[in-house]
Amino acid sequence: MDNYMKLEIAALGENEAFARSAVAAFALTLNPTLAELSDIKTAVSEAVTNCIVHAYGGANTNQKIRIECETVYEEIENPLFKERKGRIHIRITDYGCGIDDVEKALQPFFTTREGDERSGMGFTIMQTFMEDFSIQSKRGLGTVVTMSKSIGNTENFMIKERANA
Ligand SMILES: Nc1ncnc2c1ncn2[C@@H]1O[C@H](COP(=O)(O)OP(=O)(O)OP(=O)(O)O)[C@@H](O)[C@H]1O
Ligand SMILES: [Mg+2]
């Protein structure tokens, strides 16, 4: 059965670890590998940090981050085995300043906070570790980052090996 969760958190630095762990815990229903879990945590961490640092400028004035996740199963029929793949869709929304030039923001090493220990690699990391990455943003209204990842392939792998034996 498809599954979902919604979470709203205050845009505080101390909530970043909670957010990434909460999404990872939710993803456990898909039986992910440790590497897949680690990718999801890293991507969520980058997205949430961007909301705190950029969307709201690091100042907490009662600002919100919304995190929505959905897990779905895709069944693939093969002659030798039945593949059951899971996919997690993640949407992270802020209601902050928005991004003026999304194309520019996506470029590796582009940052608007150079003197601030930022390397401009957050979006590149999200795109590398996840799939179907996209951003919608409007100046003054906020930003929505959407990404997904196909996970939970260990079981299929074992079936494949048995079929080949
Ligand atoms: N949620 C957001 N709201 C407004 N601007 C954003 C948001 N997320 C990213 N940006 C803008 O896009 C730029 C690139 O983001 P990216 O995460 O790639 O790098 P960074 O946050 O500057 O550095 P790093 O993630 O490596 O610490 C940011 O510098 C910022 O100007
Ligand atoms: Mg960043």
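The sections below set out a description of the structure shown in this document. Note on numbering: residues in each chain are counted from 1, in written sequence order. Each chain gets a letter, beginning with A, and each ligand a number, beginning with 1, in the order they are written. Totals for whole chains, interfaces and linings use all residues, but because this is a predicted model, local features are given only for residues with pLDDT of at least 70 and pairs of side-chain atoms are given and counted only at 80 or more.

## Side note on the overall build of the chain
Under the DSSP-based scheme used, a helix requires at least four consecutive residues in state H or I and a strand at least two consecutive residues in state E, with every element numbered from the N terminus. In terms of helices and strands, the chain carries five helices and five strands. When its helices and strands are written in sequence order, the chain yields β-α-α-β-β-α-α-β-β-α. The contact criterion used is a C-beta to C-beta distance within 7 Å, with each C-beta placed from the backbone. Considering only contacts within the chain whose residues lie at least 6 apart along the sequence, 68% involve residues at least 24 apart.

## Brief notes about the site of ligand 1
Throughout this description, a residue near a molecule or strand is one whose C-beta atom, derived from the backbone, lies within 6 Å of it. Near ligand 1 you find 22 residues, and of these N50, A105, T111, T112 and G122 are the closest. Mapped by element, the contributors of at least two residues to the shell around ligand 1 are α2 (34-55) and α4 (122-129). Considering every element that reaches the shell around ligand 1, the biggest residue donor is α2, with five residues. Here the term charged refers only to Asp, Glu, Lys and Arg, the term nonpolar to Ala, Val, Leu, Ile, Met, Phe, Trp, Tyr, Cys and Pro, and the term polar to all other amino acids, Gly among them. Of the residues assigned to the shell around ligand 1, the class counts are eight nonpolar, ten polar and four charged.

## What about the packing of α2 against α4?
Only the contacting stretch of a helix is used when fitting its axis, a line to C-alpha atoms as for every element, and angles between N-to-C directions run 0 to 180 degrees. Packing of α2 against α4 leaves a shortest axis separation of 9 Å and a crossing angle of 150 degrees. Between α2 and α4, the angle falls in the class roughly antiparallel. Crossing angle aside, the handedness with which α2 passes α4 is left-handed. Contacts from D39, T42, A43, E46, A47, T49 and N50 in α2 reach G122, I125, M126 and F129 in α4. Tallied by class, the residues present in the contact of α2 with α4 amount to five nonpolar, four polar and two charged. Working definition: roughly parallel below 35 degrees, roughly antiparallel above 145 degrees, roughly perpendicular at 65 to 115 degrees, and oblique for all remaining angles. Crossing chirality is assigned from the near helix's rotation relative to the far helix, an anticlockwise turn below a right angle marking it left-handed and a clockwise turn marking it right-handed.

## Examining α4
Here a residue counts as buried when 20 or more other C-beta atoms sit within 10 Å of its C-beta, as exposed when there are 12 or fewer, and as partly exposed otherwise, the C-beta atoms being derived from the backbone. Looking at α4, one finds that the buried residues are G122, F123, M126 and F129. Looking down the long axis of α4, one finds its buried residues gathered within 140 degrees of arc, a one-sided arrangement. In the core, the buried residues of α4 are packed alongside α2, α3 (102-106), β4 (131-138) and β5 (142-151). Summarising the geometry, the arc corresponds to the directions from the helix axis toward the C-beta atoms.

## Concerning α2
An α-helical turn contains 3.6 residues, so a residue and the one three or four places further along point in the same direction. By this rule the span expected of a helix is its residue count minus one, scaled by 1.5 Å. Spanning 22 residues, α2 covers 30 Å between terminal C-alpha atoms, matching the ideal 32 Å at 1.5 Å per step. A positive phi of about 65 degrees marks G57, the residue just after α2.

## Description of the nonpolar core
V23, A43, V44, A47, V48, C51 and I92 are the most contacted members of the largest nonpolar core, which has 29 residues in total. Sorting the residues of this core by element identifies α1 (15-27), α2, β2 (64-77), β3 (82-94), α4 and β5 as the ones contributing at least two each. Considering every element that reaches this core, the biggest residue donor is α2, with nine residues. Definition of nonpolar core: a set of buried Ala, Val, Leu, Ile, Met, Phe, Trp, Tyr and Cys residues joined via C-beta atoms within 7 Å.

## A closer look at the packing of α1 against α2
Relative orientation of the contacting elements α1 and α2 amounts to 145 degrees, with a least axis distance of 9 Å. Taken as a pair, α1 and α2 cross one another with a handedness that is right-handed. Contacts from E16, A19, R20, V23, A24 and A27 of α1 reach α2 at L37, I40, K41, V44, S45, V48, T49 and I52.

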